[in-house]
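# Fold and contact review
What follows is the residue order along each chain.
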Amino acid sequence: MKIKMLVRNPDDYTRETSRDLHRHQRNVEPELHPLATAREYTAAVNAAKIDRIFAKPFLCSLGGHRDAVEIVAKHPEKISGVVSASVDGEVRWWDLTNRRCVGNVQAHDGPVRGLCYGQTSDVLLTAGQDQSIKQWRDQEIRHTILSKTTIMNLAHHYKSQMFATAGETVSLWEEGRNEPLRSLNWGVDTIYNVTFSPIECDLLASLSSDRSIVLYDIREATPLRKVTLEMRSNALCFNPMQAMHFTVANENFNLYTFDIRHLKTALQAHTDHVGAVLSLDYSPTGTEFVSGSYDKSVRIFPVDSMRSREVYHTKRMQKVTSVVYSMDAKYVISASDEMNLRLWKAKASEQLGITSSRERSIQNYNETLLSRYGSHPTVKRIVKHRHIPKQLYQQVKEKQIMLSSRKTKEIRRRMHTKKKDLKIPNTKQQIIVEEEE
Amino acid sequence: MVAPPIGVIQAKELVTYLKHTLQAVIMAPISTKASNPKGGKGLKGLKKKFKASKSKILKKYRDHSGTDTGKDLPQEDPFPGEAPVSEEAKKKFGRVDDEELNALKKNRRAKFRNLAKKIEQTVRFAARSEILLPEDHGYLEAEKGEKTYRYTQNEIQENVDITSASKRFTLDLSQFGPYVSNYSREGRHLLLGGRMGHLAAFDWLTKKLLCEINVMESVHAVQWLHQPTMFAAAQKKWTYIYDTEGIELHCLKALNNVTSMEFLPYHFLLAAASESGFLHWVDISIGTMVGRINTKTGRIPFLRKNPTNGIVLTGHQNGVVRMWSPNSSTNVVELLAHKSSVTDVVVDRGGSHMITSGLDRSIKIWDLRMLRPMHSYTIGRAPTHLALSDKKMLAVTLANQVEIYRDILSGTEEPYLRHQVASTVMTAQFCPFEDVLGLAHGNGFDSILVPGSAEANFDSYEINPLMNKKQRREAEVKLLLNKIQPEMICLDPDEISQVDVLKLRERIDASKQVLWRKPRALNLDSIMAKRKGTAKVAKAAKQYIEAEHTRAKREFHEETLKQKKSKKVKDAKKPNLEGFQGVLARFQ
């Protein structure tokens, strides 16, 4: 008789001392894991719930300004450094790690219109409504230029010492010189925003009050393109990873992403705000951007999505004038009308601080589960659900009703016209009034 | 300098390599917790295997180099590339049907190619990780001219080690019988219930008694709940839940006159069948009655479960086997298994086979996916109870005799072991993770040794037979967190991850209907009458037809919208009644 019975030595399966980790024995044979799919689905639902439970995006509010904060700029070298400027002409330097103000200066008489860092933190430029451009270093003034015209905005070149101002024309300046190098213009209207591209460094975009977006190559004598939209755009931001893509924040509650090579239609319309969108900033990953709006909310959009991924609001936050995505893509800073800066997490439920490898693996697992089961109705509903203030909620509803009734009206109008063209152009094309070269 | 023996180097390398691959596997299906695969025994086994191959390699090397020294062994890999994986292993660890992927349309195939690759890789890793499993299954082989079923339990007991020998025991309890029994999920604890009111729970490996009480009324069925801290006992009238101290925790008056019970651990459902023909499902984590069905078949003699999908099975006197889900007021499956009364039903742990026995002295093996019989055996006497082990060994009781078959699923008819107990067997159950069969009978309980019946390598994230108190508590929390909702019980356990084809087809049909919607009968006379035969008339007619088409489309859309709205109103009015709410009801 040849016989063997199954005998396990408990020492092989239990830990030696109470300080050890518990020993685990794996066997991945599917028969030992019955109902794996159903359990995984349940785990996915739980992961969605946990994600919502831990969604506490608001980190802190930074007070100190004595008037509405208009502009926020990122420090080029430090993640924790931020500068803000308010309507009363004050500029403040912030240390986000310690959540405090590290310096302030009365920079201009009247509102500050432009604020940006140069290539390094040695150069900080401010422009005010008092027609002066000031250069700062370590909170001390280095240089002042008095401009002949009003200045509405300011942007620094990413790779050279040039910077551009917006006003009656777009003017190109060089650090240390008191006169602009040259002026660029297309049409006559006031230009109130100017932005350099971070990749195609010589590419410049401006927004003007005739509702147009104008693109310039500063190496060329004349501007490149001009696109006129239905309503004016308030802010523009280039995608830091896609050289040819940029997004504008429009007065008609939407944001539009464009491809420079094909300006006949927008790549994507981002519709979720219920007030004019005032500012936006791209995440350094180029996959997302944050936008602040007149409807007192901050939203985060994936670049390729029409709907926002996240909406942030607080009871006290008024219209959001400026938003910034931090350079590690983890935080969002918003400045608003009621004199405060606010620091938010970009991923609402993200755990800050050091995580152990086990925590990380569970987070990864939950993420995978959500992506795998994200389209199941239960999971989708939980992940999508946001509690928003009653006022905002009503406005969203109202907007939906307005849009649908507009659409119905358009269909009916078309039904009763002689030429029955029922193919309604989409909003991406509709917003573009004309494109000029 | 003497190089270390090549076998050892290879084994070490292989073990580290496999550790990495195992981690990759662990990521995939169930949990991502870092594993701690035990190298101990596996490494020893590997060393043995490589010792055998070492001599071959040496010989090869000598032939090649022409030298005879054992020194300066070659450093090159004798097994270049990845170790091959057998098709059998792939099949065992596979989770996705290849046919499903092949059934996809060509243009979709490209999309799923990457996914398929990933799945295949996972399966390969899983199959390779088999080598790391530390335990080997038990076996019993007869000498030449002998048969294994001739060996008595005493002979077996004499030939095994002392630990295994202690697993064979007999409890002589002639006073309060006949007895029913139940092993806990992790196989360490045993529950005995005597018809005359005797209830006992104990750790049968150490023979340590947890509690022993007399409930002073008849006990018909006993069942451990999700962990060996609580158990249910179906007594004369009602069902009670006790803890391991023997303290009565609950009295489930809703479960009255229960004949048989089953516990679904992943759903936390206690299923019970009663004298009056009712089936009950009680969620023991929140204490609610999840389902209550009048089967209208009279007394239900026994209740069994399908562990892969949570469906319960009943067998009836007219030879019919029915399957029940708490989500359906009627049975899910009904099949005529035998020409006379069905005595017992079991489903294997893979969920692909069902075995039934009837008073017509036959045992039938069914393919559960096709619901067709595969084999049928006739034996000398009518089998009374069946038990199926993790390794698909079948125990058949014939009054006071037990016959165990090793490969009955693949068609071998010769018994593996035979045993006789003192009285008629009331319950037969293989102990999970131990090579033991428990037989509760009229005069007590018999624990007999069946080498090779049990799963040798458990997964401690599922069930851990050697867990301590802390691990038990942890496991309880995990189990509760991932409790499957009772609405998800259905025949196909993977239905939740599949496309709802019916709904999809409905939607496609609806969209097709829009395209093929017939316009109203056209009255072109008024147009034609004006100017016959001119190009303008033709144009006008064309426009008219187009307008009719668009109108028809719009009407259709409005109609469907109306229908949807009215359905929503109806649904809102309708209370949440019982009726079939399958796993896909949530999509409505």
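If you're wondering where the values come from, they're calculated on a predicted model, not measured in any experiment.

## Side note on the overall build of chain A
- The helix and strand inventory of chain A stands at five helices and 30 strands.
- Projected onto its principal axes, the C-alpha positions of chain A cover 105 × 70 × 40 Å.
- Of the contacts formed within chain A by residues at least 6 apart in sequence, a portion of 48% connects residues at least 24 apart.
- Accessible surface computed for chain A: about 21000 Å², of which carbon and sulfur atoms make up 50%.
- Within chain A, the 51 negative side-chain charges are centred at a point lying 9 Å from the centre of the 64 positive side-chain charges.

## Some points on the side chain of Lys226(A)
- Considering the arrangement of structural elements, one finds Lys226(A) in strand S18 (residues 225-229).
- At a separation of 3.3 Å, a polar atom in the side chain of Lys226(A) contacts the side chain of Asp210(A).

## Considerations on the UniProt feature "repeat: WD" (unreviewed entry) in chain B
- Cross-referencing UniProt, the feature "repeat: WD" (unreviewed entry) maps to residues 335-376 of chain B in the present numbering.
- Taken as a whole, residues 335-376 of chain B contains 0% helix and 60% strand, while its terminal C-alpha atoms sit 15 Å from one another.

## Let's talk about the confidence of the model for chain B
Residue and element names in this part refer to chain B.
- Residues with a pLDDT of 70 or more make up 78% of chain B, whose mean pLDDT is 82.
- Low confidence marks residues 1-50, where pLDDT is under 50. Its contacts with residues over four positions away, or in another chain, come to 72 contacts.
- Below a pLDDT of 50 lies the segment residues 575-580, which in the model reaches five contacts outside its immediate sequence neighbourhood of four places, other chains included.
- Two numbers describe this predicted complex: its pTM, 0.81, and its ipTM, 0.82.

## Brief notes about the packing of helix H1 (residues 36-53) of chain A against helix H2 (residues 357-373) of chain A
Residues and elements named next belong to chain A.
- The contact between H1 and H2 brings their axes to 9 Å, and the two run at 105 degrees. Accordingly, the angle class assigned to the pair H1 and H2 is roughly perpendicular. Along the contact surface, H1 presents Thr37, Glu40, Tyr41, Ala43, Ala44, Ala47 and Ala48, while H2 presents Tyr365, Asn366, Leu369, Leu370, Arg372 and Tyr373.
- Partitioning the contact of H1 with H2 into residue classes produces nine nonpolar, two polar and two charged.

## Regarding the UniProt feature "domain: BING4 C-terminal" (unreviewed entry) in chain B
- Under the local residue numbering, the UniProt record ascribes the feature "domain: BING4 C-terminal" (unreviewed entry) to residues 415-493 of chain B.
- Segment residues 415-493 of chain B splits into 16% helix and 30% strand. End C-alpha atoms: 33 Å apart.

## Observations regarding the interface of chain B and chain A
- Each partner contributes residues to the interface: chain B has 76 residues there, and chain A has 46 residues.
- Between chain B and chain A, roughly 6300 Å² of surface is buried when both sides are summed, and carbon and sulfur atoms account for 58% of that area.
- Taken together, chain B and chain A are joined by six salt bridges.
- Close ionic contact of Arg26(A) with Asp459(B) constitutes a salt bridge, the shortest N to O distance being 3.1 Å.

## Structural notes on the sheet that holds strand S11 (residues 258-264) of chain B
Residues and elements named next belong to chain B.
- Spatially, S11-S12-S13-S14 is the arrangement adopted by the four strands of the open sheet, whose pairing is antiparallel. For this open sheet the edge positions go to S11 and strand S14 (288-294), each flanked by a neighbour on one side alone. If you compare each strand with its neighbour and ignore which way they point, the axes differ by 15 degrees on average.
- The pairing of S11 with strand S12 (residues 269-274) spans six bridges and is classified as antiparallel.

## What about the environment of Glu434(B)?
- Mapped onto the elements, Glu434(B) comes out in the loop between strand S27 (425-430) and strand S28 (436-441).
- Residue Glu434(B) is classed as buried on the basis of its relative accessible area, which comes to 10%.
- Separated by 32 residues in sequence, Glu434(B) and Val402(B) place their C-alpha atoms 18 Å apart.
- Beyond its immediate sequence surroundings of up to four residues, Glu434(B) is in contact with Leu6(A), Arg8(A), Lys167(B), Trp204(B), Leu205(B), Ser453(B) and Ala454(B).
- Within the structure, Glu434(B) has its side chain in polar contact with the side chain of Lys167(B) (distance 2.7 Å).

## Here we look at the pairing of strand S20 (residues 245-250) of chain A
All names here are of chain A.
- In terms of residue burial, S20 counts as a mostly covered element, since six of its six residues are buried.
- The alternating pattern of S20 places His245, Thr247 and Ala249 on one face and Phe246, Val248 and Asn250 on the opposite face, and all of these are buried.
- Here strand S19 (residues 233-238) pairs with S20 via five bridges, running antiparallel. By the bridge assignment, Cys237 is partnered in S20 with Thr247.
- In textbook terms, the turn of a hairpin is the stretch between consecutive antiparallel strands, and for S19 and S20 this stretch comprises six residues.
- With five bridges connecting them, S20 and strand S21 (residues 254-259) associate as antiparallel partners. Looking at the pairing, His245 lines up with Asp259 of S21.
- Linkage of S20 to S21, two consecutive antiparallel strands, is achieved through a turn of three residues, within which Phe253 is found at a positive phi near 75 degrees.

## Brief notes about the packing of H1(A) against helix H3 (residues 377-384) of chain A
Residue and element names in this part refer to chain A.
- Closest axis-to-axis distance for the H1/H3 pair is 9 Å, and the angle between their directions is 10 degrees. Relative to H3, H1 is oriented roughly parallel. Where H1 approaches H3, its residues Tyr41, Ala44, Val45, Ala48, Lys49 and Arg52 are matched on the opposing element by Thr378, Val379, Ile382 and Val383.
- When its residues are assigned to classes, the contact of H1 with H3 shows seven nonpolar, one polar and two charged.

Reading guide: rules and limits
Residues numbered from 1 in each chain as written. Chains lettered and ligands numbered in written order. Predicted model: local features only at pLDDT ≥ 70, side-chain atom pairs only at ≥ 80, totals over all residues. Heavy atoms only, no water. Helix = DSSP H or I, 4+ residues; strand = E, 2+ residues; numbered from the N terminus. Contact = heavy atoms within 4.5 Å. Areas by Shrake-Rupley, 256 points an atom, 1.4 Å probe, with all protein chains shown as cover. Lys, Arg positive; Asp, Glu negative; His and termini not counted. Charge placed at Lys NZ, Arg CZ, Asp CG, Glu CD. Polar contact = N/O pair within 3.5 Å; in protein donor to acceptor, adjacent residues only side chain to side chain. UniProt positions renumbered as here; feature names shortened; annotations may be inferred. pLDDT = per-residue confidence, 0-100. Axes fitted to C-alpha atoms, helices over the stretch in contact; angles between N-to-C directions. Parallel < 35°, antiparallel > 145°, perpendicular 65-115°, else oblique. Nonpolar A, V, L, I, M, F, W, Y, C, P; charged D, E, K, R; others polar. Buried area = accessible area lost by both parts, 1.4 Å probe. Salt bridge = Lys/Arg side-chain N within 4 Å of Asp/Glu carboxyl O. Pairing = 2+ DSSP bridges. Buried < 20%, exposed > 50% of the residue type's maximum accessible area, 1.4 Å probe, protein only.

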